[in-house]
Amino acid sequence: MAASGKLSTCRLPPLPTIREIIKLLRLQAAKQLSQNFLLDLRLTDKIVRKAGNLTNAYVYEVGPGPGGITRSILNADVAELLVVEKDTRFIPGLQMLSDAAPGKLRIVHGDVLTFKVEKAFSESLKRPWEDDPPNVHIIGNLPFSVSTPLIIKWLENISCRDGPFVYGRTQMTLTFQKEVAERLAANTGSKQRSRLSVMAQYLCNVRHIFTIPGQAFVPKPENVPSSMPRDETEVRGKVDVGVVHFTPLIQPKIEQPFKLVEKVVQNVFQFRRKYCHRGLRMLFPEAQRLESTGRLLELADIDPTLRPRQLSISHFKSLCDVYRKMCDEDPQLFAYNFREELKRRKSKNEEKEEDDAENYRL
C-alpha cells in the first residue's frame with residue numbers, strides 16, 4: 001500500500017535545477033506530444049512518497065522528460081531506476097542525473113507503448129500473484145495523449161499477468177488529467193462513472209490520491225484530441241492533474257477475458273445517458289437484437305431502465321458471465337460488431353442507389 005513517510009536521506013549531489021537544465025539545453029515542451037514539465041520538487045517528492053516505500057526498490061519511470069520526478073525517485077534511495085523516454089532532446093539532461101547517481105539510473109530511448117518492461121528487471125524480483133506486491137513500481141507523469149491508451153494496455157496486462165505484471169501485482173502511481181483521474185476512481189452512481197471506472201476497478205484497488213493545479217506545470221496542461229469513446233474526452237481547455245495509485249487485486253471482480261469485459265462495458269457506456277439496454281442491444285445482430293437483449297438482461301437479473309453509471313461491478317460481472325455463455329452457444333457472436341453491420345448496410349444502400357440511377361438513365 002502507498003505510504004506517506006519522508007523520502008530517504010540519501011541525496012543526489014548538487015545539480016542544476018530542472019528550470020536551469022531546461023534553459024541550458026533549450027528545451028521546450030512539444031505541444032503535439034502533450035508534454036508538460038513539473039518543476040516544483042516539493043510536488044515531485046510528494047508523488048514519490050505516495051508511491052510507497054521505495055528504499056531498495058526497482059522503479060520503472062515512464063516519460064521522465066527533463067527529470068523532475070526522476071530526481072525525487074533517486075533521492076528515495078532506490079536500488080535501480082529505469083527510465084524510458086521517447087524524446088531524444090531529454091537524454092542529455094537524464095544522462096547528467098545518471099552521472100550523479102552511478103549505477104542507479106538506466107536510460108532507454110524508446111516508446112512506453114511498445115517497451116518490453118517484463119525483460120527489464122531480474123527474475124529474482126518475481127513474486128507469486130497471491131503474495132504482497134513485488135519490490136517493483138511504475139511511476140510516471142504521463143502525457144495526456146498516451147495516458148488512456150497506456151492504462152488500458154496495462155489493465156489488459158494485469159488481466160493476463162504479463163508485461164510489467166510478470167513480477168507480480170506491480171503497483172502504479174501515475175498522473176492523468178483531473179477528469180480522467182476522477183473517472184478512474186468514480187463510485188457507482190457518480191456523474192464521473194465511465195468505462196474507465198469499471199475497467200480499472202474490476203482489476204485494481206484505485207485511489208485518486210491528490211490533485212496538482214495546472215499552474216504547477218510548464219506549460220499549463222490542456223486537454224488533447226482523443227480517439228477514445230466520447231465519455232473519455234473533454235472540451236479543450238486548461239486542466240488540473242490528478243495523481244492515481246493502482247494496486248492490482250489478487251482476484252479480479254469479473255473473471256472473464258479482458259476483451260470480453262471491455263466489449264460489454266464499452267457498449268453499455270457508448271449511450272451513457274440512455275437506459276443500459278440501449279447499449280447492450282448493440283452486442284447482437286439486428287435480426288436477434290430484441291430477443292437476445294431481453295434474454296441477457298433477464299438471466300443477469302438487471303433492470304433494463306438503469307443508467308450505465310448506476311451499474312455496479314457486480315452488475316457488470318453478471319452481464320459478462322451471461323454474455324460469455326451466449327458466446328459459447330454461438331461462437332460467431334463475440335466477433336459481431338454492429339458498426340461493421342452498419343457499414344455493410346450503407347454500402348448495399350449506395351449500390352442500390354447507383355443501380356436505380358443507372359436504370360433511370362436507361
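Residues numbered from 1 in each chain as written. Predicted model: local features only at pLDDT ≥ 70, side-chain atom pairs only at ≥ 80, totals over all residues. Heavy atoms only, no water.

### Observations regarding the packing of aromatic side chains
Here is step 1: A complete count under the given rule lists 6 aromatic pairs for this structure.
Here is step 2: Pairing Tyr60 with Phe115 gives two aromatic rings, centres 5.8 Å apart and planes at 40°, and the pair type is tilted. Separated by 55 residues along the polypeptide, Tyr60 in strand E2 (residues 58-62) and Phe115 in the loop between strand E4 (105-109) and strand E5 (136-141) bring together distant segments of the chain.
Here is step 3: Taking the relative accessible area as the measure of exposure, Tyr60 reaches 1% and is therefore buried.
Here is step 4: Look at Phe176 and Phe246: their rings are 6.1 Å apart centre to centre, the planes differ by 70°, and that puts the pair in the edge-to-face class. You can see Phe176 sitting in strand E6 (residues 171-177) and its partner Phe246 sitting in strand E9 (residues 241-248), a full 70 residues away along the chain.
Here is step 5: An aromatic cluster is present here, built from Tyr58, Phe121 and Tyr167 joined pairwise through their rings.
Here is step 6: Above the face of the Phe90 ring, Arg89 is positioned so that its terminal group lies 5.3 Å from the ring centre.
Here is step 7: A cation over a ring is seen here: Lys263 above Phe334, with NZ or CZ 5.0 Å from the ring centre. (Phe/Tyr/Trp six-rings, centres within 6.5 Å; stacked < 30°, edge-to-face > 60°. Helix = DSSP H or I, 4+ residues; strand = E, 2+ residues; numbered from the N terminus. Buried < 20%, exposed > 50% of the residue type's maximum accessible area, 1.4 Å probe, protein only. Lys NZ or Arg CZ within 6 Å of the ring centre and 35° of its normal.)

### A few points about the packing of helix H8 (residues 258-269) against helix H11 (residues 313-329)
Here is step 1: Between H8 and H11, whose axes approach to 10 Å, the crossing angle comes to 120°. Remark: the crossing between H8 and H11 carries right-handed chirality. Between H8, through Leu260, Val261, Lys263, Val264, Val265, Val268 and Phe269, and H11, the contact on the second element is made entirely by Phe316, Leu319, Cys320, Tyr323 and Arg324. (Axes fitted to C-alpha atoms, helices over the stretch in contact; angles between N-to-C directions. Left-handed = near helix turned anticlockwise from the far one by under 90°. Contact = heavy atoms within 4.5 Å.)

### Here we look at the confidence of the model for the chain
Here is step 1: Taken as a whole, the chain shows an average pLDDT of 86; of its residues, 81% reach a score of 70 or greater.
Here is step 2: Per-residue pLDDT stays below 50 along residues 1-9; that stretch engages in 26 contacts with residues further than four places along the chain or on separate chains.
Here is step 3: This model gives residues 225-237 a pLDDT under 50, and the stretch forms 28 contacts once residues within four places in sequence are excluded. (pLDDT = per-residue confidence, 0-100.)

### Considerations on the nonpolar core
Here is step 1: If you look at the biggest cluster of nonpolar residues, it comprises 64 residues, and the most contacted ones within it are Tyr60, Leu155, Leu174, Phe176, Phe246 and Phe316.
Here is step 2: Examining the composition of this core, we find that 8 residues originate from one element, H11, more than from any other.
Here is step 3: Sequence-distant contacts of Phe176, that is, excluding residues within four places in its chain, are made with Leu142, Phe144, Ser147, Ile151, Ala181, Leu184, Asp240, Val241, Gly242, Val244 and Phe246.
Here is step 4: Of all hydrophobic cores here, the second largest spans 29 residues; its members include Val59, Ile139, Ile212 and Ala216. (Core = buried A, V, L, I, M, F, W, Y, C linked by side-chain atoms within 4.5 Å.)

### What about H8?
Here is step 1: Spanning 12 residues, H8 covers 16 Å between terminal C-alpha atoms, matching the ideal 16 Å at 1.5 Å per step.
Here is step 2: Across the 12 residues that make up H8, a large majority, 10, are buried.
Here is step 3: Burial in H8 covers these residues: Phe258, Leu260, Val261, Glu262, Lys263, Val264, Val265, Asn267, Val268 and Phe269. (Expected span 1.5 Å × (residues − 1).)

### Focus: the side chain of Arg193
Here is step 1: Here Arg193 lies in the loop between helix H6 (178-185) and helix H7 (195-201).
Here is step 2: A polar contact is formed between the side chain of Arg193 and the backbone oxygen of Ala186, at a distance of 2.8 Å.
Here is step 3: Within the structure, Arg193 has its side chain in polar contact with the side chain of Thr188 (distance 3.3 Å).
Here is step 4: Among all residues touching Arg193, those that are not within four sequence positions of it are Ala186, Asn187, Thr188, Val198, Gln201, Phe269, Arg272, Arg309, Leu311, Ser312 and Ile313. (Polar contact = N/O pair within 3.5 Å; in protein donor to acceptor, adjacent residues only side chain to side chain.)

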